[in-house]
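# Secondary and tertiary structure notes
Below are the chains, spelled out letter by letter.
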Amino acid sequence: MKRWFPLAATILILCFWFICSQGQPKVHGKTEMGMADGCSAVPNTPHFTIAYGTVQLDGAAAPVGAIVKAKSPRGDLVGCFEVNMAGNYGAMYVYGEDTTAIPPIPGMRDGETVQFFVNDAVALASPVLVWHNDWASHAVTLTSSSPTPTPTSSATPTFTPTPTSNPTPTSTPTTTWPDLIVQRIQAQPSSPAVKQTIAVTVTIKNQGSGPVSGLFYTDVYADHNPTGCNDVGWDYRDLDALSAGEVVTLSFTHPGFATAGVHSIYAQVDSACQVAESNETNNVYGPLRVQVTNPVAPPIAGFWASPVAGMIPLTVTFTSTSTGQITSWLWLFGDGHTSAQPNPVHIYT
């Protein structure tokens with residue numbers, strides 16, 4: 001769910017953004033006319049932090065035109081900045097994922113380490129930037145080196161060898177590993193009432209290079225962030241195989257939350273840690289925020305009129321005393337006339 005800030009804090013943040021954008025015409029890789037050369041499109045979300053600082057490439061100040069990128073541990077591009085003053089970058093917005101968007105927008109998750117690159121070469125960050133949705137600026141020094149090209153050997157004189165029989169080369173088997181992740185969680189309705197049943201779908205994927213050929217579980221959790229192996233959720237599904245690249249959507253039914261407010265749903269694939277994976281740290285997804293509301297009382301009609309008798313033409317004032325959530329009124333006066341006003345006045349003739 002989106003987080004709403006007090007008015008004063010919102011005005012302060014907007015002013016900060018306006019000042020920064022005036023001084024940095026290419027903030028997070030965009031210009032008014034379109035994308036800057038070398039910067040791919042970065043999906044914007046309401047969740048971000050900001051990085052800036054000095055940047056060195058090959059022991060010297062990074063030149064104008066160098067491209068600084070930020071990526072999530074899953075390889076998502078979450079920030080981009082083209083250096084416009086040698087040796088400096090920023091302000092660069094580093095965006096978090098938005099699971100409320102349709103479709104969800106990938107990005108950083110709370111507590112993850114941001115990975116930096118300069119001209120697509122890995123950069124050392126000092127200090128390490130741990131991502132939080134704090135809308136704050138962080139000074140981070142980046143140091144990177146361009147890849148060293150492989151030297152080519154000079155041509156040597158050729159000669160005609162005496163033919164000999166060569167043994168058949170043997171191939172070395174390559175080990176492949178699965179990598180299970182939760183791609184997304186969806187809930188319907190997205191804003192249920194208290195104790196209203198919720199349909200939850202969890203999409204999982206094997207993004208590794210090898211298949212899963214044994215039993216594994218996927219658990220879902222309500223208002224609980226799973227802590228690792230054998231953390232049991234309120235429901236689970238089991239699968240006994242998942243090919244490399246295969247995507248599966250699992251369905252669950254939650255009985256409903258007992259109280260109004262913001263609640264959380266998490267999911268964990270391979271929750272019993274039965275599958276050997278290339279990455280054992282990316283099995284948990286969440287939270288998906290669910291806004292639960294109090295049930296709406298049904299309307300109960302009621303009214304009174306004054307006066308209730310008299311000589312015609314008789315002007316009568318009708319007053320609604322109905323209770324509950326009322327969206328519209330329809331008065332029938334008994335003489336063929338009607339009104340949609342809450343408290344109409346009608347003249348009988």
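Let me begin by describing the structure that accompanies this report. Since we're looking at a predicted model, the values are computed, not measured.

Moving on, we get to the pairing of strand E8 (residues 115-118). Relative to E8, strand E5 (residues 67-71) runs antiparallel, the two being bridged by four bridges. Directly across from Ala-70, in E8, lies its bridge partner Phe-116. In the sheet, E8 pairs with strand E9 (residues 121-126) via three bridges, with the strands oriented antiparallel. The partner of Phe-117 across the bridge, within E9, is Val-122. Turn length for the E8-E9 hairpin, with the two strands adjacent in sequence and antiparallel, is two residues, and the turn residue Asn-119 shows positive phi of about 50 degrees.

In this section: the nonpolar core. Within the largest apolar cluster, 26 residues are counted, with the highest numbers of intra-cluster contacts made by Val-182, Ile-185, Val-202, Ile-204 and Phe-216. Those elements giving two or more residues to this core turn out to be strand E12 (180-188), strand E13 (198-206), strand E14 (216-222), strand E16 (247-254), strand E17 (261-269) and strand E18 (284-292). Dropping the residues within four chain positions of it, Val-202 is found in contact with Val-182, Arg-184, Ile-185, Thr-218, Val-220, Val-248, Thr-249, Leu-250, Phe-252 and Ala-267. Core analysis: the second largest hydrophobic core is formed by 23 residues, Ala-62, Ala-66, Val-114 and Val-140 among them.

Relative to the helices and strands, Val-130 resides in the loop between E9 and strand E10 (137-139). Separated by 17 residues in sequence, Val-130 and Thr-113 place their C-alpha atoms 4.5 Å apart. Ignoring anything within four residues of it in the chain, the contact list for Val-130 reads Gly-111, Glu-112 and Thr-113.

Let us look at the pattern of salt bridges. Any two side chains of opposite charge can pair, on the condition that their charged atoms come close. Enumeration according to the criterion identifies five salt bridges in this entry. The salt bridge involving Arg-109 is made with Glu-97; its shortest N-O contact spans 3.3 Å. Of the two residues, Arg-109 is situated in the loop between strand E7 (88-95) and E8 and Glu-97 in the loop between E7 and E8; the sequence distance between them amounts to twelve residues. Under the relative-accessibility criterion, Arg-109 is labelled buried at 16%. Judged by its relative accessible area of 14%, Glu-97 is buried. Here the salt bridges share partners, and the residues they tie into one network are Arg-74, Asp-76 and Glu-112.

What counts and what doesn't
Residues numbered from 1 in each chain as written. Predicted model: local features only at pLDDT ≥ 70, side-chain atom pairs only at ≥ 80, totals over all residues. Heavy atoms only, no water. Pairing = 2+ DSSP bridges. Helix = DSSP H or I, 4+ residues; strand = E, 2+ residues; numbered from the N terminus. Core = buried A, V, L, I, M, F, W, Y, C linked by side-chain atoms within 4.5 Å. Buried < 20%, exposed > 50% of the residue type's maximum accessible area, 1.4 Å probe, protein only. Contact = heavy atoms within 4.5 Å. Salt bridge = Lys/Arg side-chain N within 4 Å of Asp/Glu carboxyl O.

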